[in-house]
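Analysis of the macromolecular model
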Amino acid sequence: MITLTSDFGFKDSYVAQMKGTILTINPKATIVDITHDVEKFNVRMGAFILASAASFFPKGTVHLVVVDPGVGTERRAIVIQTKKALFVGPDNGVLMLAAEKMGIEHTYQLANPKFRPQKISNTFHGRDIFAPAAAYLDNGVEPSEVGPEIEEAVEPKFVIVKNKDNIIKGEILHIDGFGNLITNITMQAASIKEICVNLQNQTFTLPFCKTYGQMQAKQSIALVGSHGFLEIAINQGNAAHKFQVKVGDTVEVGFRT
Amino acid sequence: MITLTSDFGFKDSYVAQMKGTILTINPKATIVDITHDVEKFNVRMGAFILASAASFFPKGTVHLVVVDPGVGTERRAIVIQTKKALFVGPDNGVLMLAAEKMGIEHTYQLANPKFRPQKISNTFHGRDIFAPAAAYLDNGVEPSEVGPEIEEAVEPKFVIVKNKDNIIKGEILHIDGFGNLITNITMQAASIKEICVNLQNQTFTLPFCKTYGQMQAKQSIALVGSHGFLEIAINQGNAAHKFQVKVGDTVEVGFRT
Amino acid sequence: MITLTSDFGFKDSYVAQMKGTILTINPKATIVDITHDVEKFNVRMGAFILASAASFFPKGTVHLVVVDPGVGTERRAIVIQTKKALFVGPDNGVLMLAAEKMGIEHTYQLANPKFRPQKISNTFHGRDIFAPAAAYLDNGVEPSEVGPEIEEAVEPKFVIVKNKDNIIKGEILHIDGFGNLITNITMQAASIKEICVNLQNQTFTLPFCKTYGQMQAKQSIALVGSHGFLEIAINQGNAAHKFQVKVGDTVEVGFRT
């Protein structure tokens, strides 16, 4: 099984060119799209999306990711081997969040010309380098055959969550299609009743809920979402529009039990 | 075969998390997306979209639908068994339009813990409850095993079409991507030549056609569309933009033979 | 294997209705979406997108395309047989660019009632005529069985590239999701260093690069893209926004070695 994640969108045929390439090498491959609507060139967002989905796929899945502003430059192409899955993509951090959650065993540089076509474009390695590699790996090729093992891959940058005087400081990691604000703060819901949030220099007190529909429609709430992170949401509404925030903004949180 | 319909969009990984869950339980499942662009929380639109597509799938298909503003609240999770297909989703009406077209045989509450993971989120039953159920049902589990039979499921609300003095009163059920206005009025095209339509207190006389391309480009027309309902359209144009209407608006129609 | 290309979008269930129809006839079909976001009724764009992707699919693939402003009128439905693949769609030029690249062997009119349902809508031949044909062809039905051979199919119209006094005159064939301007000019990159481009009566000198990331971010460049055509792009930016051009605009190019 092969999953695909990219910033290519669906208007063009770039995703289809990758799928055709995979299916030419490996006609029985099951291909599942994670998303192709990662914001263009946004490696951090690609890393988050992949990490949120990869663990739900079966053992042995090959996750192919192409968010690749450095295509054609010196940046390396890599394959990461973990206990549960393989990851294929550029060495720019986009694979690391998901791979580290599964426990990285080995990282290889994708260099063996045996697993790529003779003619390679300078601008579309997703099709010409990563897709063939994913197809061969899904076919049973050993990761160690793709090229030399490497020691260190590039890490993506995220704000580190800090806890000081019971105020937790993190950031908005992702805004989903419902407008829910997903932070990078993990927490035990236990006995919390209310949460005090500082966003864009404005402070709000929000009820801490188990699910969206627990309060009335259009009510702002805080909860632990399906990603396992603290989320700020509006029941049947759009929190990103209301609070006028964007991905990367700082968020400070206090609790009332 | 399993179809998926939701209001999740494709930007996030929610759909992929459901697919990974299904494929982990049932690696050979064929999964087909109906749409994930149902308007957020719009149960009626989900019901219409599902009903427009379900009958084209093979016997035995499992249709999984997640348009679920009540996730985590008291609303039940259900499986509907019909002669041709199974339907899995929340008990909020979203499954009923399609299921009733096929003849409902039994409705069960999805309650057996055997068919769900040990840890369930409060906010994403699509992944944690509905997707596993669909995967097991597609694998051959009997619908009666998922939980107790129930008598009544929630019905979606649609305006009932009324015919008085040869004026038919219905509503705009859906506006498709071409801007065609799909009403809930079924009719025999027979010998009709023109149609008189009242939309937003304005009255128009439109030629009654067999297909879009029968009149010149940009000409407004009425026809029986592929859904089997009366449609108001503009050949190679967008009727929703021109007539400034929205889903749910009333439409009154008279005929000239 | 069957690929699908259309202007239906994914909000409606039109694509799903086609897939259900195919899978009812041919439950083991592998179906791959090329795109459903061709601009509504834009036959030329459909032709370009298909031609950019088709050659990457395995031998024997059936390419089904529905960009069909003339649905229900006198325009013919056709099947084109080439050395590598079959093409199914309306006879309006949308198939030709891709089919000609592969070498057309025979063209047949899709007319045999054996390969379509008894009841056919006037407005959705994608579902009622083209999808069943693709399913049967993928199942092994011979193209010659679908109907009579025909001599000439409709050609799509593209500006012919002219080379005069070392100025090449072509057009913008496509603007991709990154905002890259893809022209219809093929060229040998060899020893070119700079390129002089006239767009909308403004002239620019751009460095001629191998890949996007070769220059600084936000720098305008020219390169031979993955389609094999001259592209004008901005590294990590959107050239279509900057140069305010649209598909079909003329582009004139000179070279400096």
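This text follows the structure it describes.
Residues numbered from 1 in each chain as written. Chains lettered and ligands numbered in written order. Predicted model: local features only at pLDDT ≥ 70, side-chain atom pairs only at ≥ 80, totals over all residues. Heavy atoms only, no water.

**Brief notes about the sheet that holds strand β3 (residues 62-66) of chain B**
Residues and elements named next belong to chain B. One open sheet accounts for six strands, arranged β2-β1-β3-β5-β4-β6; its pairing is mixed. If you trace the sheet from one side to the other, it starts and ends with β2 (31-35) and β6 (104-109), each paired once. The mean inter-strand angle of the sheet, taken between neighbouring strand axes irrespective of direction, is 20°. The pairing of β3 with strand β5 (residues 86-90) spans three bridges and is classified as parallel. Bridge assignment links Val62 to a residue of β5, and that residue is Leu86. Against the sheet, helix α1 (residues 14-25) touches β1 (2-6), β2 and β3, its axis set at about 155° to β1. Relative to the sheet, helix α2 (residues 43-53) contacts β1, β2, β3 and β5, its axis offset from that of β2 by approximately 130°. (Pairing = 2+ DSSP bridges. Helix = DSSP H or I, 4+ residues; strand = E, 2+ residues; numbered from the N terminus. Axes fitted to C-alpha atoms, helices over the stretch in contact; angles between N-to-C directions. Contact = heavy atoms within 4.5 Å.)

**A few points about the relation of the copies chain A and chain B**
Of the transformation superimposing chain A on chain B, the axial component is 0.0 Å and the angular component is 120°, with the fit at an RMSD of 0.0 Å. Taken together, the rotation and translation relating the two chain copies correspond to the operation of a three-fold axis. Of the C-alpha atoms belonging to chain A, the one lying closest to the rotation axis is found on Thr30(A), 5.4 Å away. (Least-squares fit on C-alpha atoms with pLDDT ≥ 70 in both.)

**Notes on the pairing of strand β2 (residues 31-35) of chain A**
Residues and elements named next belong to chain A. Taking burial as the measure, the five residues of β2 include four buried ones, the bulk of the element. Examined bridge by bridge, strand β1 (residues 2-6) and β2 share four bridges and lie parallel to one another. Within the sheet, the bridge partner assigned to Leu4 lies in β2 and is Asp33. Taking the sense of rotation as the criterion, the β-α-β connection linking β1, helix α1 (residues 14-25) and β2 turns out right-handed. (Buried < 20%, exposed > 50% of the residue type's maximum accessible area, 1.4 Å probe, protein only. Right-handed = clockwise from strand over helix to strand, strands pointing away.)

**Some words on the sheet that holds strand β6 (residues 104-109) of chain A**
Residue and element names in this part refer to chain A. If you walk across this open sheet you meet the six strands as β2-β1-β3-β5-β4-β6, and the pairing is mixed. Looking along the sheet, the strands with just one partner apiece sit at the ends: β2 and β6. Taken pair by pair, the neighbouring strands of this sheet meet at an average axis angle of 20°, ignoring direction. With respect to the sheet, helix α2 (residues 43-53) is in contact with β1, β2, β3 (62-66) and β5 (86-90), its orientation differing from that of β2 by roughly 130°.

**As for the packing of α1(B) against helix α4 (residues 125-138) of chain B**
All names here are of chain B. Contact geometry for α1 and α4: axes closest at 9 Å, N-to-C directions at 40°. It follows from the interaxial angle that α1 and α4 lie oblique. Helix-helix and strand crossings are classified by hand; for α1 and α4 the assignment is right-handed. Where α1 abuts α4, its residues Gln17, Met18, Thr21, Ile22 and Ile25 lie against Gly126, Arg127, Ala131, Pro132, Ala135 and Tyr136. (Parallel < 35°, antiparallel > 145°, perpendicular 65-115°, else oblique. Left-handed = near helix turned anticlockwise from the far one by under 90°.)

**Concerning the interface of chain A and chain B**
At the interface, 31 residues of chain A touch 25 residues of chain B. Of the roughly 2400 Å² buried between chain A and chain B, counting both surfaces, carbon and sulfur atoms make up 61%. The largest per-residue losses of area from chain A upon contact with chain B belong to Phe56(A), Phe178(A) and Ser226(A), which jointly make up 28% of the total buried on that side. Where chain A touches chain B, the interface holds zero salt bridges. Counting across the chain A and chain B interface gives 13 residue pairs in polar contact (both at pLDDT 80 or more). Listed by contribution, the elements that provide at least two residues to the side of chain A that touches chain B are β2, α2, β8 (167-175) and β12 (220-224) of chain A. Taken together, the residues of the side of chain A that touches chain B break down into 15 nonpolar, twelve polar and four charged. (Buried area = accessible area lost by both parts, 1.4 Å probe. Salt bridge = Lys/Arg side-chain N within 4 Å of Asp/Glu carboxyl O. Polar contact = N/O pair within 3.5 Å; in protein donor to acceptor, adjacent residues only side chain to side chain. Nonpolar A, V, L, I, M, F, W, Y, C, P; charged D, E, K, R; others polar.)

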